[in-house]
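Examining the three-dimensional arrangement
Each chain is listed here by its residues.
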Amino acid sequence: MKRLSILAVAALLGACQSPQPTANASLDGEVFYLQRLALPPSATLGVSLQDVSLADAPAVVLDEQKGPVKSQVPLPFHLSFDPAQIKPGHRYSVSARIEINGKLMFITTEHHAVQLDGSDPQPLKIRVDAVR
């Protein structure tokens, strides 16, 4: 009887514990373009990780990095995401853009799919093309 009481108390204490927060996962990569052009100090880079599963709705942004360009291409980026946000059967992609003085100069023109299951090659290589 005493043993059963101890097991019951242990089970109750175990049920009261709060779940451990899940650690964030990340994607690292580089944005590049093929033109032989140096970016001015006013250039900014924006890279986002998006859930693009719904064709008739805006993409859901899971993480975004925006800021001034600190070097020339390839431009490094780092995106973090919560693995608990990843839903089976959904599609995810990474997109990038480079602006100069607020004007869009380069943008991704191809779909850069990511699996977010640890199998994505890192660093990711994201090509942007000039806006005409």
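As the structure is a computational prediction, the values presented were derived from the model and not from experiment. (Residues numbered from 1 in each chain as written. Predicted model: local features only at pLDDT ≥ 70, side-chain atom pairs only at ≥ 80, totals over all residues. Heavy atoms only, no water.)

Overview of the pattern of salt bridges
Pairing of side chains with opposite charge becomes possible as their charged atoms draw close. Note the cut-off: Throughout this description, the term salt bridge denotes a Lys or Arg side-chain nitrogen within 4 Å of a carboxyl oxygen of Asp or Glu. Burial classification: accessible surface area is computed with a 1.4 Å probe over protein chains only, and a residue below 20% of its type maximum counts as buried, one above 50% as exposed, and the rest as partly exposed.
All told, the structure shown has 5 salt bridges when counted by the stated rule. Between lysine 66 and glutamate 64 there is a salt bridge whose closest N-O contact spans 3.9 Å. According to the relative accessible area criterion, lysine 66 is exposed, its value standing at 64%. When salt bridges that share partners are traced, they join Glu110, Arg127 and Asp129 into one network.

A word on the sheet that holds strand S8 (residues 124-127)
In a beta sheet, neighbouring strands pair by backbone hydrogen bonds and run either parallel or antiparallel. Let me state the cut-off plainly: When DSSP locates at least two bridges between a pair of strands, those strands are taken to pair. Helix and strand assignments come from DSSP, with helices taken as H or I runs of at least 4 residues and strands as E runs of at least 2, each series counted from the N terminus. Axis definition: a line fit to C-alpha positions, over the contact stretch in the case of helices; interaxial angles, taken between N-to-C directions, run 0 to 180 degrees.
The strand order across the open sheet formed by 3 strands is S4-S1-S8, and the pairing between neighbours is mixed. The open sheet is flanked by strand S4 (75-81) and S8, the only strands paired with a single partner. This sheet shows a mean twist of 35 degrees between the axes of neighbouring strands, independent of strand direction. Sheet topology note: the strand S1 (residues 25-32)/S4 ladder contains 7 bridges and is antiparallel. The residue of S4 that forms the bridge with serine 26 is serine 80.

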